[in-house]
Amino acid sequence: MTEATDLAERAGDRDPRVGLRAVAALRRLLEQLEAVQVRNARNQGWSWQEIAAELGVSRQAVHKKYGRR
């Protein structure tokens, strides 16, 4: 089982402590994956507008979050 699959399973646990910890870990993992893919897109010449469209956010939001990295 992968880490993400394990975390997703634990996120549905009946114990709120287990579930909430898993949700927090999934959030951190998602942020890391997003950053990797934004960097990948920029390295391939994508515009901030193209990245924003795929993420479903504004160009300004994605640029503010990743523009200085």
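Residues numbered from 1 in each chain as written. Predicted model: local features only at pLDDT ≥ 70, side-chain atom pairs only at ≥ 80, totals over all residues. Heavy atoms only, no water.

Counted according to the given criterion, the structure contains 3 salt bridges. For Arg10, the salt bridge identified is with Asp6, shortest N-O distance 2.9 Å. A residue pair is termed a helical-turn pair when its members lie 3 or 4 positions apart in one helix, as Arg10 and Asp6 do in helix H1 (residues 3-11) at 4 residues. What you see here is one network of salt bridges that share partners, running through Glu31, Glu34 and Lys65. (Salt bridge = Lys/Arg side-chain N within 4 Å of Asp/Glu carboxyl O. Helix = DSSP H or I, 4+ residues; strand = E, 2+ residues; numbered from the N terminus.)

Counting residues in each nonpolar core, the largest one holds 8 residues, listed as Ala35, Val38, Ala41, Trp48, Ile51, Ala52, Val62 and Tyr66. Among the secondary structure elements, those contributing two or more residues to this core are helix H2 (16-43), helix H3 (48-55) and helix H4 (59-66). Residues contacting Tyr66, with those up to four places away along its chain left out, are Glu31, Glu34, Ala35, Val38 and Trp48. (Core = buried A, V, L, I, M, F, W, Y, C linked by side-chain atoms within 4.5 Å. Buried < 20%, exposed > 50% of the residue type's maximum accessible area, 1.4 Å probe, protein only. Contact = heavy atoms within 4.5 Å.)

Quick look at the confidence of the model for the protein now. For the protein, per-residue confidence averages 95 on the pLDDT scale, and 97% of positions sit at 70 or higher. The weakest mean pLDDT in the protein belongs to H1 at 92; the strongest belongs to H3 at 98. (pLDDT = per-residue confidence, 0-100.)

Now for the packing of H3 against H4. Where H3 meets H4, the axes come as close as 8 Å, and the angle between the chain directions of the two elements is 105°. Classified by the angle their axes make, H3 and H4 are roughly perpendicular. Counted together, Trp48, Gln49, Ile51, Ala52 and Leu55 of H3 and Arg59, Val62, His63 and Tyr66 of H4 form the full contact between these two elements. Looking at side-chain class alone, the contact of H3 with H4 contains 6 nonpolar, 2 polar and 1 charged residues. (Axes fitted to C-alpha atoms, helices over the stretch in contact; angles between N-to-C directions. Parallel < 35°, antiparallel > 145°, perpendicular 65-115°, else oblique. Nonpolar A, V, L, I, M, F, W, Y, C, P; charged D, E, K, R; others polar.)

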